[in-house]
Amino acid sequence: MAENILESMTEEYNSLTRSGKKLADYIFVNTSIVQYMSITSLAENCGVSEATITRFCRGLGLSGYNDLKLALAKSERVSELGDPSDMPQTVTAEDDFDTMCRKLHASNISSLNETLEFLDEDTLSQAVEYICAADHVYCFGQGGSMVMAMEAWARFATATNNFIHIADSHMQAIAAALATPKDVILFFSYSGSTRDMEEVLQLAKKNKTTIVLITHFPKSRAAEFADIVLQCGYNESPLQSGSIAAKVGQLFLIECLFYGYCRKNPELRAASRAASAQAIANKLL
């Protein structure tokens, strides 16, 4: 395979199937956009099946679609710090600290604004109803999304002991296998497309456990399992994995769920939060 994925596609173009050429043509024209798209969105936009995209990737010597997105990101112009250089908020080595901070601030504000724009009141209200009625709410995620799941558990832990965080993917699978229809799994996955995620959600779905998903891609593989999908903002390049801006939108959704939860039984939640605050206050010097 050529060093640049676009060069590889050019070399292999004449040997591609009709649908493969259709896909390649779309990627050539929309290289900067494709690296931010889910496999489902790409399939819809260029009129081919997801299976065609997978075969296309393997034909180029890639393991799958995520490898293609990473290769496309590398083929584009990249800043000295490793981020895509086609974004107005990209931080460069030439930026002074004031410019750097302002760009990062703009990225975080953009994430919040996009998340608010995506937010649907009825969907959010239904998610709150599910978690209020649940015997247990399991906060799951992998990688950077595991950190967000822990954030959700830590936030809700100040008001209730019904929320449970499990970091290890094996233990997540065990918990999902033993979950019941009276439980809820609050799952964080920016991409909505990982093997560990699919394994856990398949087990949960088998037990008819309600799944509330927080993701950037509402048409991802994870969304096929979910009962409720809450979409966070910010287009994160494969080269920006774990960016704070992508997490800011998810934190905003956690806070919306938290206050929606507290509003259902304000006196009880207020008492719980006061007790939690007092417990922590006793540890302060």
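Refer to the preceding data block for the structure.
The following paragraphs examine the structure supplied in this document. Every chain begins its residue count from 1, and numbering advances along the sequence as written. The predicted origin of the model limits local features to residues at a pLDDT of at least 70 and limits the giving and counting of side-chain atom pairs to 80 or more, whereas totals for whole chains, interfaces and linings rest on all residues. Side-chain metrics rest on all non-hydrogen atoms present in the structure, leaving aside hydrogens and water.

1. Quick notes on the pattern of salt bridges
We count it as follows: Salt bridges are defined as contacts in which a side-chain nitrogen from Lys or Arg sits within 4 Å of a carboxyl oxygen from Asp or Glu. Strands are runs of DSSP state E lasting at least 2 residues, helices are runs of H or I lasting at least 4, and numbering of each runs from the N terminus. Burial classes follow relative accessibility: with a 1.4 Å probe on protein chains only, a residue under 20% of its type's maximum area counts as buried, one over 50% as exposed, and anything between as partly exposed.
In the structure shown here, the tally under the stated rule is eight salt bridges. Measuring nitrogen to oxygen at the nearest pair gives 3.1 Å for the salt bridge that ties Arg102 to Asp98. Taken together, the positions of Arg102 and Asp98, both in helix α7 (residues 97-118) and four residues apart, correspond to about one turn of that helix. A salt bridge links Glu198 to Arg221; the shortest N-O distance between them is 2.6 Å. A residue pair is termed long-range when its members are at least 10 positions apart, and Glu198 in helix α11 (residues 195-206) and Arg221 in helix α12 (residues 221-225) qualify at 23 residues. The exposure class assigned to Glu198 is partly exposed, which follows from its relative accessible area of 24%. Each of the salt bridges in this network shares a partner with another, and the network as a whole consists of Glu198, Arg221 and Glu224.

2. Some remarks on the pairing of strand β3 (residues 184-188)
Here is the rule we go by: Strand pairing is assigned whenever DSSP identifies at least 2 bridges connecting the two strands. By convention, orient the strands away from the viewer: a clockwise path from the first strand over the helix to the second makes the crossover right-handed.
By the criterion of burial, β3 is predominantly enclosed, with five of the five residues buried. Both faces of β3 are covered, namely the face carrying Val184, Leu186 and Phe188 and the face carrying Ile185 and Phe187. Bridging between strand β1 (residues 137-141) and β3 involves five bridges; their strand directions are parallel. If you follow Val137 over to β3, its bridge partner there is Val184. Pairing geometry for β3 and strand β4 (residues 210-215), over five bridges, is parallel. Its bridge partner being in β4, Ile185 is matched across the sheet by Ile211. Regarding topology, α11 serves as the crossover connection from β3 to the parallel β4, and that connection is right-handed.

Any link to function would need more than the numbers given here.
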